[in-house]
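# Topology and contacts: notes
Now for the letters of each chain:
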Amino acid sequence: MAALINVPAKAKRGEIIEIGTLTSHIMETGFRHTADGRLVPRDIITSFICRYNGAEIFRADLFPAIAANPYLSFFTVAKESGKFEFEWVGDNGYSSTASASIVVE
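Everything in this summary refers to the structure shown in the same document. (Residues numbered from 1 in each chain as written. Predicted model: local features only at pLDDT ≥ 70, side-chain atom pairs only at ≥ 80, totals over all residues. Heavy atoms only, no water.)

## Focus on the environment of leucine 62
The line we're drawing: For the purposes of this entry, the term helix denotes a DSSP run of H or I that reaches at least four residues, the term strand denotes a run of E that reaches at least two, and both are numbered from the N terminus. Buried means the residue's accessible area, taken with a 1.4 Å probe over protein chains only, is under 20% of the maximum for its type, while exposed means over 50%, and partly exposed covers the values in between. For this analysis, residues touch if any pair of their heavy atoms sits within 4.5 Å.
Along the chain, the position of leucine 62 falls in the loop between strand E5 (55-61) and strand E6 (71-77). Judged by its relative accessible area of 8%, leucine 62 falls in the buried class. For the pair leucine 62 and phenylalanine 84, spaced 22 residues apart in the sequence, the C-alpha separation amounts to 20 Å. Other than its neighbours up to four places away in sequence, leucine 62 contacts Ile44, Ile45, Thr46 and Ser47.

Structure follows, in structure tokens:
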């Protein structure tokens with residue numbers, strides 16, 4: 001699935017930066033029924049992790065009430081140049097990753 005990542009390309013050391021992520025996923029709650037009454041199986045993203053140069057800086061557990069194509073926004077401090085790595089994990093073996101780099105001056 002596709003992901004849109006918003007990480008500043010540059011920041012000053014110690015600056016607080018906002019990171020935004022949007023991933024494409026249908027997110028079926030598992031509570032809906034088909035026209036003939038069968039339950040539609042749950043299919044959601046269950047967790048999101050962001051790592052900055054390998055260190056986990058943000059984690060979220062997601063539940064059936066989360067919207068399709070979930071958007072997450074959070075803040076961190078720009079400490080050093082490097083890479084942000086994003087990981088989404090979900091039901092039915094779902095896994096998606098993305099990354100973005102930042103230059104800290």
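## Side note on the pattern of salt bridges
As a reminder, the rule being used: The rule for a salt bridge is simple: a side-chain nitrogen of Lys or Arg has to be within 4 Å of a carboxyl oxygen of Asp or Glu.
The tally for this structure, following the rule as stated, stands at 6 salt bridges. When the shortest N-O distance is used, the salt bridge between glutamate 105 and lysine 10 registers 4.0 Å. Of the two residues, glutamate 105 is situated in the segment after strand E8 (95-104) and lysine 10 in strand E2 (residues 10-11); the sequence distance between them amounts to 95 residues. Take glutamate 105 and lysine 10: they sit in the same class, and that class is exposed. One salt bridge in this structure joins arginine 59 and glutamate 56, with 2.9 Å as the shortest N-O distance. Taking relative accessible area as the criterion, arginine 59 reaches 45% and is therefore assigned partly exposed. Accessibility expressed as a relative area gives 41% for glutamate 56, which makes it partly exposed.

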